[in-house]
Amino acid sequence: MKRQVWASRIGVVMAVAGSAVGLGNLLRFPAIATQNGGGAFLIPYFIAFILLGIPLCWVEWGMGRFGGKFSHGSAPGILDAVSGRRRPEAKYLGAIGIFGPLLIFFYYIVIESWTLGYAFYSITGTLGTAARNDLVKNFFHQYTGIDPGDFSRVPMYFFFV
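Residues numbered from 1 in each chain as written. Predicted model: local features only at pLDDT ≥ 70, side-chain atom pairs only at ≥ 80, totals over all residues. Heavy atoms only, no water.

## Some remarks on helix H4 (residues 75-82)
For clarity, the threshold we go by: Exposure is judged per residue with a 1.4 Å probe applied to protein chains only, and the accessible area is read against the type maximum: over 50% gives exposed, under 20% gives buried, and values in between give partly exposed. Each helix is a run of H or I in the DSSP string that is no shorter than four residues. Each strand is a run of E no shorter than two, and both are numbered from the N terminus. The contact rule is simple, with two residues in contact once any of their heavy atoms fall within 4.5 Å.
Pro76, Gly77, Ile78, Asp80 and Ala81 are the residues of H4 that are buried. The elements touched by buried residues of H4 are helix H3 (42-69), helix H5 (90-93) and helix H6 (96-124). Looking at the residues trailing H4, positive phi occurs at glycine 84, about 70°.

Below, the structure written as C-alpha cells:
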C-alpha cells in the first residue's frame, strides 16, 4: 500500500502551524500579555519561540521523517526506530504521543460545547438580558455546573453531545 503524501509544501506548513496554534494562544495569550505589560511580554515570548519552539519543531519533524523511512507513522513506532531498537521501552514512552492528544481533545470538546451553548443563548437573547458582569458570571457558573442554582446542567450536556 502506497503511503499518502502532501500535495504541496505550503499545505504541510499550514497544517503544522494550525496544530501548533492552540486554544491557549487564542484564549489565554491576550489576557496574559495584558497582565504582564502588553507589548513588552512579546519579547520573551518571541525569544522562547525562536530558542525553543522552532528547534523542537525541527526535531519533531526530523524524527517523523526518520521513522517514516521504516514505515512507522505513529509515535511509538517512531521512538522505536529512533532508539535503534536498543531500548524496547522507548515505544511505550511513545504512547504518550497517542494519549496526550486524546486528553487535549477532551479539553477542547468541552470548551467547544460551551462556545456552542453561548452562541445559542446569545442568538436566542438569553445572554443579552445579562448585561452586567455579575449576571454573566452567574449564568456561566450555572451553565457549567459550578453553582447549580435553579439552572440544570442539562443544557451543557446537550451542547456537549
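## Examining the confidence of the model for the protein
The condition that has to hold: pLDDT gives the predictor's per-residue confidence on a scale running from 0 to 100.
Taken over all residues, the pLDDT of the protein has a mean of 78, while the share at 70 or more is 88%. Of all secondary-structure elements in the protein, the lowest mean pLDDT belongs to helix H2 (residues 23-35), at 73, while H6 reaches the highest, 84.

## Observations regarding the nonpolar core
Note the following rule: Side-chain atoms within 4.5 Å are what join buried Ala, Val, Leu, Ile, Met, Phe, Trp, Tyr and Cys residues into a set we call a nonpolar core.
Grouped together as the largest cluster of nonpolar side chains are five residues: Tyr121, Phe139, Tyr143, Met156 and Phe159. Secondary structure elements with two or more residues in this core: helix H7 (133-144) and helix H8 (154-160).

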